[in-house]
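Here is what each chain is made of, one letter per residue.
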Amino acid sequence: MNQEHETETAERIVKLLEKNLDTLDGEVLARLKLARNKALEAHTENLTTSVGSSLASYFGHYVRQHRVISSAALLCSLVFVGFIVSQQYIGQETVEQGDAFLLGSELPPEAYVDEGFNKWLAQDINQQ
Amino acid sequence: MPSNAHVIAKSEKSEKTWAELTDNQHKVLAPLASEWDTLRPWQREKMLDIAHDYPKMDSKKQELVQRRLNRWSRMTPYERENARKNYQKFQSMPQAKKDELRKKWKEYKQLPQNQRDTLMREHPEIYKDQELEN
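Summary of the structure given here. (Residues numbered from 1 in each chain as written. Chains lettered and ligands numbered in written order. Predicted model: local features only at pLDDT ≥ 70, side-chain atom pairs only at ≥ 80, totals over all residues. Heavy atoms only, no water.)

## Description of the overall build of chain A
Moving on, step 1. Secondary structure summary: chain A contains five helices and zero strands in total.
Moving on, step 2. Secondary structure elements of chain A occur, N-terminal to C-terminal, as α-α-α-α-α.
Moving on, step 3. Split into buried and exposed, the 128 residues of chain A put 16% on the buried side.
Moving on, step 4. Accessible area of chain A: about 10300 Å², with a carbon and sulfur share of 61%. (Helix = DSSP H or I, 4+ residues; strand = E, 2+ residues; numbered from the N terminus. Buried < 20%, exposed > 50% of the residue type's maximum accessible area, 1.4 Å probe, protein only. Areas by Shrake-Rupley, 256 points an atom, 1.4 Å probe, with all protein chains shown as cover.)

Written as structure tokens, this is what we have:
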């Protein structure tokens with residue numbers, strides 16, 4: 001109800017102003033201009049605050065979400081690196097278990113089965 | 001439990017004559033060329049496994065493999081199994097311990113043959129005739 005009344009009043013003022021615009025004196029025009037500028041300033045401030053708070057809210061949300069994504073990515077990377085390292089380690093162990101690697105090892109195959117060598121090593125340890 | 005296809009593949013692999021081997025297998029297993037066709041299927045299979053792993057090794061190790069292949073093929077299954085077990089133990093040792101054992105092996109090889117024979121006689125169980133038949 002009040003809003004309708006205000007709108008009607010505003011329309012009557014606009015009509016009066018249009019009708020008597022040419023007859024208004026300079027002081028009234030200056031006051032109207034000042035009032036208009038104040039109204040515009042107030043409106044702009046309102047808009048900026050509103051947009052600013054929206055941006056802060058959006059950015060905060062982005063940071064929170066980004067942090068979760070970063071943590072998940074870091075965790076995935078660690079798991080992946082762990083998997084690769086373990087596969088290489090297991091792979092190497094498996095490969096070096098073949099007879100070929102035994103034959104290519106630092107000791108000849110007979111050294112691994114020479115009981116005389118074992119006995120001699122045991123004697124050597126006892127003498128030390 | 002191995003599948004039938006796997007068993008058949010293994011059987012075919014171990015029945016290959018020297019002439020049926022590939023050029024690469026010939027190259028690796030050259031020290032065994034003259035006796036290949038007299039080897040038993042399980043021996044051929046093990047030697048083919050060596051030929052399979054051979055390209056994964058560096059040239060120094062490849063040379064050692066070729067040099068030791070003949071001696072290896074003449075070892076009994078018992079000796080080979082013991083060698084595999086002891087090789088695994090050796091592999092798990094720290095490098096300093098490996099170096100020490102390598103040095104000790106060289107020293108042992110410098111001992112007079114009769115002294116090594118005496119040490120060996122104290123462990124006669126490793127060369128049983130029955131195992132040599134396998």
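There is more to say after this.
## Here's the deal with a nonpolar patch on the surface
Residues and elements named next belong to chain A.
Moving on, step 1. A cluster of nonpolar side chains, contributed by L21, V28, L29 and L32, occupies part of the molecular surface with about 300 Å² of accessible area.
Moving on, step 2. Among the secondary structure elements, L32 is positioned in helix α2 (residues 26-95).
Moving on, step 3. The class for L32 is partly exposed, based on a relative accessible area of 37%. (Patch = residues over 30% accessible without salt bridge, like charges linked within 9 Å, V, L, I, M, F, W, Y side chains within 5 Å. Salt bridge = Lys/Arg side-chain N within 4 Å of Asp/Glu carboxyl O.)

## Focus: the interface of chain B and chain A
Moving on, step 1. Across the contact, 37 residues belong to chain B and 29 residues belong to chain A.
Moving on, step 2. Both sides of the chain B and chain A interface together cover about 3400 Å² of buried area, and 66% of this is carbon and sulfur.
Moving on, step 3. When the buried surface of chain B facing chain A is broken down by residue, R68(B), Y87(B) and W105(B) rank first, second and third, together holding 22% of it.
Moving on, step 4. Joining chain B to chain A, the criterion identifies two salt bridges.
Moving on, step 5. Across the contact surface, chain B and chain A share 10 residue pairs in polar contact (both at pLDDT 80 or more).
Moving on, step 6. Elements represented by at least two residues in the side of chain B that touches chain A include exactly α3 (41-53), α4 (59-74), α5 (77-91), α6 (95-109) and α7 (113-121) of chain B.
Moving on, step 7. Of the residues assigned to the side of chain B that touches chain A, the class counts are 17 nonpolar, six polar and 14 charged. (Contact = heavy atoms within 4.5 Å. Buried area = accessible area lost by both parts, 1.4 Å probe. Polar contact = N/O pair within 3.5 Å; in protein donor to acceptor, adjacent residues only side chain to side chain. Nonpolar A, V, L, I, M, F, W, Y, C, P; charged D, E, K, R; others polar.)

## Description of the pattern of salt bridges
Moving on, step 1. Scanning all chains against the criterion turns up seven salt bridges over all chains.
Moving on, step 2. D99(B) serves as the salt-bridge partner of R102(B), at 2.8 Å between the closest nitrogen and oxygen. Of this pair, R102(B) and D99(B) both sit in helix α6, three residues apart, roughly one helical turn.
Moving on, step 3. Overall, D99(B) belongs to the partly exposed group, its relative accessible area being 32%.
Moving on, step 4. Each member of the salt-bridge network shares a partner with another, and the members are D99(A), E81(B) and R84(B).

## Side note on the side chain of Q25(B)
All names here are of chain B.
Moving on, step 1. Considering the arrangement of structural elements, one finds Q25 in helix α2 (residues 23-28).
Moving on, step 2. The buried category is assigned to Q25, whose relative accessible area is 18%.
Moving on, step 3. A distance of 3.0 Å separates the side chain of Q25 from the backbone nitrogen of T22, its partner in a polar contact.
Moving on, step 4. Discounting chain neighbours no more than four positions away, the residues touching Q25 are L48 and A51.

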